[in-house]
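One-letter residues, chain by chain:
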Amino acid sequence: MSATLPEQYREILIGLGENPDREGLLDTPKRAAKAMQYLCHGYEQSVETIVNGALFASDSDEMVIVSDIELYSLCEHHLLPFIGKAHVAYIPTGKVLGLSKIARIVDMFARRLQIQENLTREIADAIQGITQAAGVAVVIEARHMCMMMRGVEKQNSTMNTSVMLGAFREPSTRMEFLQLIGRSKS
């Protein structure tokens, strides 16, 4: 942890009109710095390290879907959380990716400051780059604290983003994916 990060949190407390020396806040700057480092540990990871060779030969050429992958991220505009789930699919062309690696890739990109639109694209591009799949699809649905806790204060709003690459740009493949994750009516 950077030695200055806890001190910067201390300055934030002072800027808010708080007394960082009162009992309840004595260790808050250090705890907040540790929490922020954990919430942003995706910067310390790489796709190559996460995948770690877990790409396996396979004759499968049918859609592979991992759905309802929970994710927690921080909006780069307000540093407030957005929480949701990702649905990731790809169509293999000779190799399949280890199942847990898909969730780990989602986590790696989610643990960086960004906007949901970019997160969706980063996940899709990473899966495409690793697998050389015939197509990749990613849908993320999330609730944003910046909309819920401040500003318009809309408690039940959900943001949905999608990226469709390769074969998923074909209407029938896109529709099959959306139906399988329950996002499209038959």
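Residues numbered from 1 in each chain as written. Predicted model: local features only at pLDDT ≥ 70, side-chain atom pairs only at ≥ 80, totals over all residues. Heavy atoms only, no water.

*Asks:* Is there a simple way to explain the overall build of the protein in this structure?
*Replies:* Helices and strands together make up the secondary structure of the protein, namely seven helices and seven strands. Each helix (α) and strand (β) of the protein, taken in turn from the N terminus, gives the series α-α-α-β-β-β-β-α-β-α-β-α-β-α. With the principal axes as the frame, the protein shows a C-alpha extent of 65 × 40 × 20 Å. For the protein, long-range pairs separated by at least 24 residues make up 68% of all intrachain contacts whose partners lie at least 6 apart in sequence. Side-chain charges of the protein comprise 19 positive and 22 negative groups, with the mean position of each set lying 3 Å from the other. (Helix = DSSP H or I, 4+ residues; strand = E, 2+ residues; numbered from the N terminus. Contact = heavy atoms within 4.5 Å. Lys, Arg positive; Asp, Glu negative; His and termini not counted. Charge placed at Lys NZ, Arg CZ, Asp CG, Glu CD.)

*Asks:* So what exactly am I meant to see when it comes to the layout of surface pockets here?
*Replies:* Gaps left between atoms show up when a probe the size of a water molecule is rolled over them. Taken as a whole, the largest pocket encloses approximately 210 Å³ of empty space. Tyr-9, Ile-12, Leu-13, Leu-16, Thr-28, Ala-32, Ala-35, Met-36, Leu-39, Leu-79 and Leu-113 are the residues that line the largest pocket. For the lining of the largest pocket, the secondary-structure elements that each account for two or more residues are helix H1 (4–15) and helix H2 (28–39). Residue contributions to the lining of the largest pocket peak at five residues, all from H2. (1 Å grid on protein atoms, 1.4 Å probe; cavity = no way out; pocket = protein on both sides within 12 Å on 5 of 7 lines; lining within 4 Å. Points joined across faces, edges and corners; volume = space filled by probe spheres on them.)

*Asks:* Help me out: how do you make sense of helix H7 (residues 171–180) in this one?
*Replies:* One full turn of an α-helix is made of 3.6 residues, so residues set three or four places apart face in the same direction. Thr-173, Phe-177 and Leu-178 are the residues of H7 that are buried. Projected down its long axis, H7 carries its buried residues within an arc of 130°, all on one side. Across H7 from its buried face, at more than 90 degrees, point the exposed residues Pro-171 and Ser-172. Considering only its buried residues, H7 is in contact with strand S2 (64–75), strand S3 (81–91), strand S6 (135–144) and strand S7 (159–166). (Buried < 20%, exposed > 50% of the residue type's maximum accessible area, 1.4 Å probe, protein only. Arc of directions from axis to C-beta.)

*Asks:* What is the right way to read the UniProt feature "binding site: Zn(2+)" (unreviewed entry) in the protein from this model?
*Replies:* Annotation from UniProt places "binding site: Zn(2+)" (unreviewed entry) at Cys-75, His-78 and Cys-146. The annotated residues occupy 72 residues of the chain but converge on a single region, no pair of C-alpha atoms lying more than 7.8 Å apart. Those annotated residues lining the second largest pocket are, specifically, Cys-75, His-78 and Cys-146. Take His-78: it is sitting in the loop between S2 and S3. Under the relative-accessibility criterion, His-78 is labelled partly exposed at 36%. (UniProt positions renumbered as here; feature names shortened; annotations may be inferred.)

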